[in-house]
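Observations on the model geometry
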Amino acid sequence: MCGIVGFSGFRPAANILIQGLKYLEYRGYDSTGIALMVDHKIQIKKSQGRIENTEKLMALSSDQFHQSTSGIGHTRWATHGKPSTENAHPHKTGHVVLVHNGIIENDLELRAGILARGHFPLSETDSELIGFLLFDEMERGHSLEVALRRVSQTLVGQWSIVIMSEREPGKVIGVRNGSPLVASIDSEGNVMVASDAQPLLPFTQSVTFLEPGEMVVGTPGLLMFFDLLTGRKIHREPTLIKWTADRMEKNGFPHYMLKEIYEQPKVFTQTLQEVLLPSSSEPFNFANEKNSEILLKAEEIILVACGTSWHAGLLGKYWIEKIAKIPVQLEYASEYRYRETCLRPSALVIGISQSGETADTLVVIRDMKRKGVSTLAITNVQGSSLAREADAVVFTHAGPEIGVAATKTFLCQSLSLFLFAAFLASKRTTQNSDVLSRLRRELNFIPKILNNISNSTIKNSESSEILRAINPILNSLGSVKGFFFMGRGHCFPLALEGALKLKEVSYDHAEGHASGELKHGPIAMLDPSIVVVAIAPQDPWYTKNRSNLEEVKARGARILGIGTYGDTYLQSICDYWLALPAEAQSIHSDLLPFIITPYIQLLAYARGVQLQRDVDKPRNLAKSVTVE
Ligand code: AGP
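Residues numbered from 1 in each chain as written. Predicted model: local features only at pLDDT ≥ 70, side-chain atom pairs only at ≥ 80, totals over all residues. Heavy atoms only, no water.

1. A few points about the overall build of the protein
Keep this limit in mind: Helical segments are the DSSP runs of H or I of at least four residues, strand segments are the runs of E of at least two, and each set is numbered from the N terminus. Note on method: radius of gyration uses C-alpha positions; expected globular size equals 2.2 Å times residues raised to 0.38. Buried, partly exposed and exposed residues are distinguished by accessible area as a fraction of the type maximum, computed with a 1.4 Å probe on protein chains only: under 20%, between the cut-offs, and over 50%, respectively.
A tally of helices and strands in the protein yields 21 helices and 25 strands. In terms of overall dimensions, the protein is globule-like: its C-alpha atoms have a radius of gyration of 26 Å, near the 25 Å expected for 628 residues. Judged by the C-alpha coordinates and their principal axes, the protein covers about 80 × 55 × 45 Å. Burial statistics for the protein: of 628 residues in total, 61% are counted as buried.

2. Brief notes about the site of the ligand
For clarity, the threshold we go by: Any residue with a heavy atom positioned within 4 Å of a molecule or strand is treated as near that molecule or strand. Nitrogen and oxygen atoms within 3.5 Å of one another constitute a polar contact, given that in protein one can donate a hydrogen and the other can accept it, and given that sequence-neighbouring residues count only through two side-chain atoms. All accessible areas in this document rest on Shrake-Rupley with a 1.4 Å probe, and a residue is counted as covered only by the protein chains that are shown. When residue character is reported, Ala, Val, Leu, Ile, Met, Phe, Trp, Tyr, Cys and Pro are called nonpolar, Asp, Glu, Lys and Arg charged, and the others, Gly included, polar.
Looking at the ligand, there are 15 residues lining it, with Ser309, Ser353, Ser355, Thr358 and Glu504 nearest. At a separation of 2.5 Å, an oxygen atom of the ligand approaches a polar side-chain atom of serine 309. Between an oxygen atom of the ligand and a main-chain N or O atom of glutamine 354, the distance comes to 2.8 Å. For the ligand, whose accessible area on its own is 410 Å², the fraction buried by protein is 92%. Across the shell around the ligand, the residue classes tally to six nonpolar, seven polar and two charged.

3. Quick look at the sheet that holds strand β7 (residues 157-165)
Stated precisely, the cut-off is as follows: At least two bridges found by DSSP between two strands is the condition for calling them paired.
The strand order across the open sheet built from seven strands is β5-β6-β7-β8-β12-β13-β14, with neighbouring strands paired in antiparallel fashion. Unpaired on one side and paired on the other, β5 (91-93) and β14 (233-234) mark the two borders of the sheet.

4. Notes on the pattern of salt bridges
Our working definition: Salt bridge, as used here, is a side-chain nitrogen of Lys or Arg placed within 4 Å of a carboxyl oxygen of Asp or Glu.
By the definition in use, this model includes 29 salt bridges. The salt bridge involving glutamate 263 is made with lysine 259; its shortest N-O contact spans 3.5 Å. Take glutamate 263 and lysine 259: they sit in the same class, and that class is buried. Note that arginine 339 and glutamate 331 form a salt bridge whose closest N and O atoms lie 2.9 Å from each other. One network of salt bridges, in which partners are shared, links Glu211, Glu214, Arg236 and Arg388.

5. Examining the nonpolar core
One recurring pattern in soluble globular proteins: nonpolar side chains tend to sit buried together. Where we set the bar: By nonpolar core is meant a set of buried Ala, Val, Leu, Ile, Met, Phe, Trp, Tyr and Cys residues that side-chain atoms within 4.5 Å join together. Whether two residues are in contact is decided by their heavy atoms: any pair within 4.5 Å suffices.
Counting residues in each nonpolar core, the largest one holds 97 residues, and the members touching the most others are Ile301, Phe420, Leu443 and Phe594. Broken down by element, this core gets its largest block of residues, twelve residues, from helix α14 (residues 408-428). The residues contacting phenylalanine 594, other than those within four sequence positions of it, are Phe268, Trp319, Leu411, Ser414, Leu415, Phe418, Leu443, Ile446 and Leu450. Counting 33 residues, the second-largest nonpolar core is a separate cluster that includes Leu17, Tyr26, Leu36 and Ile51.

6. Here we look at helix α8 (residues 264-273)
Along α8, the positions that sit buried rather than exposed are Gln264, Pro265, Val267, Phe268, Thr271 and Leu272. Tucked into the core, α8 has its buried residues touching α7 (256-262), α14, α15 (433-443), α16 (446-453) and α21 (592-610).

7. Some points on unusual backbone geometry
Histidine 89 connects to proline 90 through a cis peptide bond whose omega is 5 degrees. Within the element layout of this structure, proline 90 appears in the loop between β4 (70-76) and β5. The backbone phi angle of histidine 40 is positive, close to 65 degrees, even though this residue is not glycine. By secondary structure assignment, the location of histidine 40 is in the loop between β2 (31-38) and β3 (41-48). Residue histidine 40 is classed as exposed on the basis of its relative accessible area of 53%. The phi dihedral of asparagine 620 is positive, around 70 degrees, even though this residue is not glycine. Examined against the element boundaries, asparagine 620 turns out to sit in the segment after α21. Asparagine 620 sits in the exposed class, given a relative accessible area of 65%.

8. What to know about the environment of valine 328
Position of valine 328 among the secondary structure elements: in strand β17 (residues 328-332). Along the chain, valine 328 and tyrosine 318 lie ten residues apart, while their C-alpha atoms are 8.4 Å from each other. Residues contacting valine 328, with those up to four places away along its chain left out, are Ile301, Leu303, Lys317, Ile320 and Glu321.

Now the structure itself:
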């Protein structure tokens, strides 16, 4: 999705904007640009491709350009119009310049009117049209703010815009009508606006998330908020973000993805400690009193999510039904939003989303709220739309995840869902206290086991025992037509997630299957060109998995087994073998997904590196999918 950043203050803006765009790279993009106010004139540098291409243009610019103290920047993820310099933002129309995130749905109608008034748009984008509308409104004598408010009433769609005008140098104005926008002012009086909090954090951790229908006006030393419709000034309390800028650096790792996989012991602990409070009388202090009331009323639970978050939801379904004995429906948000749902008033709809901005998930939550159904958000981003719009919110504590492919957020989502299941069980006494006590005790062992898996003190591709085992396997594979991940029970969601991760970062073909389903069709594809990744620990489904592996072996496919330490039988029928840590043998099988998760993530990571992919910013992907 596109990324927006704006700055006006007392420092040179050019590099601040570029660094801000780099913090937004994870959103996915195909072109970039910045506009600076230089001696009351707007100068633009923009290019197709990576941010570095725009930096090269800047290097050729004048000293005045680099001394400018206000500007806007953009990373474009193409929707209307191919990736090109002409279509890249910022777009300048006369004295007005803008950057835009979102989609203007009535663009054809607007374009016709603009052409009829004798304007000639240079790009194929819907965004540029907004500039002509603003220009015309200011030609009618309106100020920049009034012009923006009037134009906003004519636009249909989900969008956020940040603009400047040569007539009002130093002023940066942003409006939010869907796509997120965050603003801040630091102790020096530097003001910033961006698509999310990360570009702002090097200046301040106190940020304000605009609500849809709000406008922010920033000038050096002053930040004000207005209602877009009425123009009335409004007061907005800032949010203190717990993340700090240094957590967004690679800190010596070759890739954010590897760093974030290795952060899992720490973030698992942080998410766990929010619930297993030593001081609390509650065994699973999952929710405060207000939220507990909402959650405990639930007679049926509907989980809605997309992609990786849906896979966490499948794990959650298994745990909630088994531990809390409550029926759970798991739905793809993009499908569920169009379904005629027949929910009882006692239903609880839970939106799972690391970004908290996924359009499909948001639409479902908004729809459910309209219907009076209770909603809960499980998200990683404070101030995100999902966090603010659901009736209750539980934050995962994964910290900023820069890698586009979800890794640590998946683990923390899964943990939050497990803790939710245990919370419900403890409150409803649907699980005997011995089991809950064991689960609570053993949860505390997980970070130590995870730490042994990913020794994050060494920051290269040989930095963990698993990678030292995986790399030779991948190097010996030769030609591979595809990967089939298989798993039963709690390992079925991991098979799905392992396949998705591999696809995302290596672009290899990969499928995730319930082990028992292979014989109902996919087995027809098995031959030596297929590598079957069998997730088969000694859990309650182990014996059945062994039978499935024999079927796979008989068809000549190659098997990469992930199994229990010391399982010599399974190791003997696999062509390649990754053993879980010995300590995992004493862990309750319900908790094994937490131990297996880094294996599937590191397998995908190593394959992506082997194939020289951009594992942090895979092609075509975006970190938060804010379009439907
Ligand atoms: C994650 O690796 C994927 N890129 C993608 O499937 C993602 O999980 C999905 O878009 C949902 O995102 P969300 O968790 O922010 O809602």
